[in-house]
Amino acid sequence: MKKRPEDLRSARWFAPDDLRSMGHRSRAMQMGLDGEDWEGKPVIAIVNTWSDLSPCHHHLRDRAEFVKKGVYQAGGMPAEMPVHSFSEQFLKPTSMLYRNMGAMEVEETIRSHPIDGVVLMGGCDKSTPALIMGALSMGIPFIFMPAGAMLRGNYAGQKLGSGTDVWKYWDERRAGNIGKEEWDGVQGGIARSYGTCMTMGTASTMMSIAEGFGLTLPGASSIPAPDAGHKRMAAACGRRIVEMVWEDLTPDKVVTLAAAANATTIAMATGCSTNAIIHLVAMAKRAGIDWGLDDLDRIGHQVPVLANIRPSGSEYLMEDFYYAGGLPALMKELGDKLDLSVLTVNGKTVGENIAPAVNYNEDVIRPLSNPVYHEGSLAVLRGNLAPDGAVIKPAACDPKFHKHSGPAIVADSYPELKKIIADPDYPMTPDHVLVLRNAGPQGGPGMPEWGMIPMPQALLKDGHRDMVRLSDARMSGTSFGACVLHVAPESFIGGPLALIETGDIIELDVPNRVLRVDISDEEFARRRQNWTPPEPHYERGYGHMFSRHIEQADKGCDFDFLRTDFGKPVPEPDIY
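Predicted model only: the values in this text are computed from it and were never measured. (Residues numbered from 1 in each chain as written. Predicted model: local features only at pLDDT ≥ 70, side-chain atom pairs only at ≥ 80, totals over all residues. Heavy atoms only, no water.)

A word on the nonpolar core
So, point 1. Counting residues in hydrophobic clusters, the biggest one holds 112 residues, and the most contacted among them are Leu120 and Phe213.
So, point 2. Here this core gets nine residues from one element, more than from any other, and that element is helix α10 (residues 228-247).
So, point 3. For Leu120, the residues in contact, after removing those within four places along its chain, are Val47, Val106, Leu131, Ile132, Ala135, Phe142, Ile143, Phe144 and Met145. (Core = buried A, V, L, I, M, F, W, Y, C linked by side-chain atoms within 4.5 Å. Buried < 20%, exposed > 50% of the residue type's maximum accessible area, 1.4 Å probe, protein only. Helix = DSSP H or I, 4+ residues; strand = E, 2+ residues; numbered from the N terminus. Contact = heavy atoms within 4.5 Å.)

Listed below in structure tokens is the structure:
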């Protein structure tokens, strides 16, 4: 049944004939508005992550105007609301430190204003989960408008992929194979337009996951940011959210257990970023869905990588993916591995949305009979070194490391690690396991992307380009290599990683999902007695709050007090 105008949430602010509402109306008129703008019309928040220091979102100021146009076309009143920009490149020590703060800002911005529906505008790494987590906790109708990927890079006739080729060319420069001129050429050619990374990094992964959850218009996550179709999609989001408000299509009707399974299946098939695990768990839990590492690993066993996009793929980028048919074409290839009955924000089911999809290039979007990799993008590992789990991206590393045993070289901090990496004479072989600890949620702080540990100079000079690297950190989704990440519990709080020593034998067995260190329980106990907890990073401010409430990687790194099951639901604000 269609919602009535008097039932609109914003009507609590504007409709009553009393002193407070008169104040609301008069202040709206102060901005040049009139009763025709709000009376009987849904107020739509356009939650915008644009800023002058967010290159991935640099076009969102313009796109907000197209969203507004769509809202007006459908008979709503748009209101642009700025929030944290989550600039992955410039935000230090890591944008992950601020994901939950951003989610809180989104939730409270919506709750505290006369808002009936929301268009979330984002795409760069942490922006997507932060926006969606906050909107899920608020619970009113919303639609996610993906920022879209930038154009593919180019240098000297070669296609360049964000991040992925940075790491490759940096290794070659450190090995002495290219000079400053070539390095500067890559610098100038790898980011040619606004938009997010155009590899299947965290940004493209999370925008695809948002579509997998049913939270975008069909195909929206694949449209390149500079494409004219992206502007039309923005306007369509504005039109659709007005309809969603009248239909009362709230997120609890879209983000279900089946939708979480679909989103995970799609993530695995895209060759997703390792960061997907943390954000998927956190997003699902915000919706009250019990979804964890075992669920992700189960689906990872069942779903192959179909998107031949770097870094898991060998050649193509997101622009190629779009021309091949985009995410709807990949979803159609997945077929009955998805629950096609799940409802999405356009009011149709997944099956209805992907029925018209066509795969125009079966080398870019592979059929199930010819996958890029025979299992999903990620594998969850457990053992005495990671009792609560760790993650690796098997499709993006040398297969010879899928089963590996070697002695550890342990660094307690990133500065210590850099000294090891930079020493051309450091005594090591490709069989060693390079370990970084104290880089997790509390140790980093914020679990920075230090897990893509650069190859040591001592091995680069001999032509080696991969080795097993192990940490409680994250890594960029554009990265590659035999990097074991997200070791939980983290070393900073006394997890087993805190107790290993240089020379200990680390055993990695990806097929059997095992990560362990070859020492006895008795030796573990002896070392634990001698372990001293590190000093906390913060004694005041946001960092102090973060350190007291952040959960571990296996639980999604949310704040404990933001869990759905933490206390009673937050009531609507009083208006007196």
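Section: the sheet that holds strand β3 (residues 117-122)
So, point 1. Here four strands make up an open sheet; going across it, the order is β2-β1-β3-β4 and the pairing parallel. Each having just a single partner strand, β2 (77-82) and β4 (142-146) make up the two edges of the open sheet. The mean inter-strand angle of the sheet, taken between neighbouring strand axes irrespective of direction, is 20 degrees.
So, point 2. The sheet contact formed by β3 and β4 spans five bridges and is parallel. When the sheet's bridge partners are listed, Leu120 is paired in β4 with Phe144. (Pairing = 2+ DSSP bridges. Axes fitted to C-alpha atoms, helices over the stretch in contact; angles between N-to-C directions.)

Comments concerning empty space enclosed by the protein
So, point 1. Tallying each qualifying case throughout the model produces four cavities of 30 Å³ or more.
So, point 2. Taken together, Glu211, Gly212, Gly214, Thr216, Pro218, Pro328, Met331, Thr344, Val350, Asn353 and Ile354 form the lining of the largest cavity.
So, point 3. At the level of secondary structure, the elements contributing two or more residues to the lining of the largest cavity comprise α9 (202-212), α15 (326-334) and α16 (350-354).
So, point 4. The leading source of residues in the lining of the largest cavity is α16, at three residues. (1 Å grid on protein atoms, 1.4 Å probe; cavity = no way out; pocket = protein on both sides within 12 Å on 5 of 7 lines; lining within 4 Å. Points joined across faces, edges and corners; volume = space filled by probe spheres on them.)

Side note on the layout of surface pockets
So, point 1. Counted as a void, the largest pocket has a volume near 1,300 Å³.
So, point 2. Around the largest pocket sit 45 residues that line it, and Gln89, Gly163, Val166, Trp167 and Ser476 are the ones nearest its centre.
So, point 3. Of all the elements in the fold, those that place two or more residues in the lining of the largest pocket are α7 (164-174), α8 (180-189) and α9.
So, point 4. A per-element tally of the lining of the largest pocket places α7 first, with four residues.
So, point 5. For the lining of the largest pocket, the class distribution of residues is 24 nonpolar, 13 polar and eight charged. (Nonpolar A, V, L, I, M, F, W, Y, C, P; charged D, E, K, R; others polar.)

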